[in-house]
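# Coordinate inspection notes
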Amino acid sequence: MLNSARLLVLLEIARRGTIVAAAQALHLSPSAVSHQLARLEQELGVALVERGPQSLRLTPAGVRLAEHAQAIADLMAVARDDLRAHAQGAAGVLRIGFFASAGLDLLPRALTAFAPGNPQVEVELIMGQPHELVPDLEAGRLDAAVVFEHPLDPWCRRAAVDVRMYFEEPQLVVVPLRHRLGRRSVVRLAELEGESWIGTHGGSTGEPVLERACAAEGFRPRVRCRSDHYQVTINLARAGMGVALIPALGLADSAGASAGVHVCRLDHPQLHRRIGVATRATNRNPVLRAFLAELGAAAGEIEALLDMQWS
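These numbers were taken from a predicted model, which means no experiment stands behind them. (Residues numbered from 1 in each chain as written. Predicted model: local features only at pLDDT ≥ 70, side-chain atom pairs only at ≥ 80, totals over all residues. Heavy atoms only, no water.)

For the rest of this paragraph, the subject is the overall build of the protein. Within the protein, the regular secondary structure consists of 9 helices and 12 strands. Relative to its 311 residues, the protein shows a buried fraction of 42%. Entry remark: accessible area of the protein is about 16200 Å², with carbon and sulfur atoms responsible for 52%. (Helix = DSSP H or I, 4+ residues; strand = E, 2+ residues; numbered from the N terminus. Buried < 20%, exposed > 50% of the residue type's maximum accessible area, 1.4 Å probe, protein only. Areas by Shrake-Rupley, 256 points an atom, 1.4 Å probe, with all protein chains shown as cover.)

Quick look at the structure:
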């Protein structure tokens, strides 16, 4: 295998024209340069320079090898500059997992602030539920995961994963406009016994939070349909098919998401979601810190908006 250091010696000889000048450029002694050149010729079995009484010039083989050495030197310079940019956080790849309703406002806010200052960072986005994203985070396939957790359905924390919660997101009740509770601003779950529900699918445990909460109130909800797409849920409630439990972030599906329905706050100590971000303590991706700063700022803005609207 060719020695890259010896190739750079040949390249400097080609550039400078003499061993002495090449030695000065490489901060080596002339004898060290001559030794490296001789070793290179020995390894290749071909003469690379033609020595005269007062001159030294490259043979055709030496010229060809010097051209290859220049290409290798250029590639090494590109690699050095690229890694330096990665180390400084100016370039790289950032892989982010997120749950669907975080992609409606929270994550776009953070990325809108992050992207202009990091134009050389390639962002990869993967959508999924927290219990689906955390294993990918542990395995190094994600740098961060925007997650939620229900007090009634906590997911198993892993030692390798750090979780920082930003804010609590209220759960809201969506009812048709002509519903008997259509003028209320706050309702209790027990008041909804006997209603038809548009529910969601279960999380990691398979048992939806609605069923757990209703069981604690002493009744079982009659679920007419299940969907994890909140716009579908709202549209079905608008059509009078039932009432629904919607997290506040889910109302950001569209500008008119709540048109034709009534939305009220649910008075329940455990029906809310904690919103945060999961990362690996061992992750040394230098661009991650900048993204987390913007995500934290976006979370603060969302929390203020939710407090203003639903407090």
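Looking now at the nonpolar core. Within the largest apolar cluster, 40 residues are counted, with the highest numbers of intra-cluster contacts made by Leu94, Leu106, Val146, Phe291 and Leu295. The dominant element in this core, judged by the number of residues it contributes, is helix H9 (residues 288-310), at 8 residues. Ignoring any residue separated from it by four or fewer positions in sequence, one finds Val146 in contact with Ile96, Gly97, Phe98, Phe99, Ala102, Leu106, Leu107, Leu133, Gly276, Val277 and Leu295. Val9, Val49, Leu56 and Ala66 belong to the second largest nonpolar core, which has 19 residues in total. (Core = buried A, V, L, I, M, F, W, Y, C linked by side-chain atoms within 4.5 Å. Contact = heavy atoms within 4.5 Å.)

Here helix H1 (residues 4-16) crosses helix H2 (residues 19-26) at 120°, and the two axes come no closer than 8 Å. The orientation of H1 with respect to H2, classified from their angle, is oblique. For H1 against H2, the interelement crossing comes out right-handed. Contacts from Val9, Glu12, Ile13 and Arg16 of H1 reach H2 at Ile19, Ala21, Ala22, Ala25 and Leu26. Along the lines of polarity and charge, the residues of the contact of H1 with H2 split into 7 nonpolar, no polar and 2 charged. (Axes fitted to C-alpha atoms, helices over the stretch in contact; angles between N-to-C directions. Parallel < 35°, antiparallel > 145°, perpendicular 65-115°, else oblique. Left-handed = near helix turned anticlockwise from the far one by under 90°. Nonpolar A, V, L, I, M, F, W, Y, C, P; charged D, E, K, R; others polar.)

Bringing H2 into the picture now. Of the positions making up H2, those classed as buried are Ile19, Ala22 and Ala23. Axial view of H2: buried residues confined to an arc of 100°, hence all on one face. Buried residues in H2 make contact with H1, helix H3 (30-44) and strand S2 (56-58). A side-chain oxygen of the first residue of H2 lies 3.0 Å from the backbone nitrogen of Ala21; this N-cap is Thr18. (Arc of directions from axis to C-beta. Polar contact = N/O pair within 3.5 Å; in protein donor to acceptor, adjacent residues only side chain to side chain.)

Despite not being glycine, His27 has its phi angle at roughly 60°, a positive value. Within the element layout of this structure, His27 appears in the loop between H2 and H3. Judged by its relative accessible area of 73%, His27 is exposed.

Attention now goes to the pairing of strand S5 (residues 144-149). In regular strands, side chains alternate between the two faces of the sheet. Across the 6 residues of S5, 6 count as buried, placing the element largely inside the fold. Across 6 bridges, S5 lies against strand S12 (residues 272-280) in antiparallel orientation. Considered in S12, the bridge of Val147 is made with Gly276. (Pairing = 2+ DSSP bridges.)

So, on to the packing of aromatic side chains. In the structure shown here, the tally under the stated rule is 2 aromatic pairs. Taking the centre distance of 4.9 Å and the plane angle of 80° together, the rings of Phe99 and Phe148 count as edge-to-face. Linking Phe99 in the loop between strand S3 (91-98) and helix H5 (106-114) with Phe148 in strand S5, this pair joins segments that are 49 residues apart in sequence. Each member of the pair Phe99 and Phe148 is classed as buried. Judged by centre distance (6.0 Å) and plane angle (90°), the rings of Phe114 and Phe291 are edge-to-face. Taken as a pair, Phe114 in helix H5 and Phe291 in helix H9 lie far apart in primary sequence, 177 residues in all. Its end group placed over the ring of Phe148, Arg273 keeps NZ or CZ at 4.4 Å from the ring centre. (Phe/Tyr/Trp six-rings, centres within 6.5 Å; stacked < 30°, edge-to-face > 60°. Lys NZ or Arg CZ within 6 Å of the ring centre and 35° of its normal.)

What follows concerns a nonpolar patch on the surface. A cluster of nonpolar side chains, namely Leu2, Leu44 and Val46, defines an oily patch on the protein surface of about 210 Å² accessible area. Along the chain, the position of Val46 falls in the loop between H3 and strand S1 (49-51). (Patch = residues over 30% accessible without salt bridge, like charges linked within 9 Å, V, L, I, M, F, W, Y side chains within 5 Å. Salt bridge = Lys/Arg side-chain N within 4 Å of Asp/Glu carboxyl O.)

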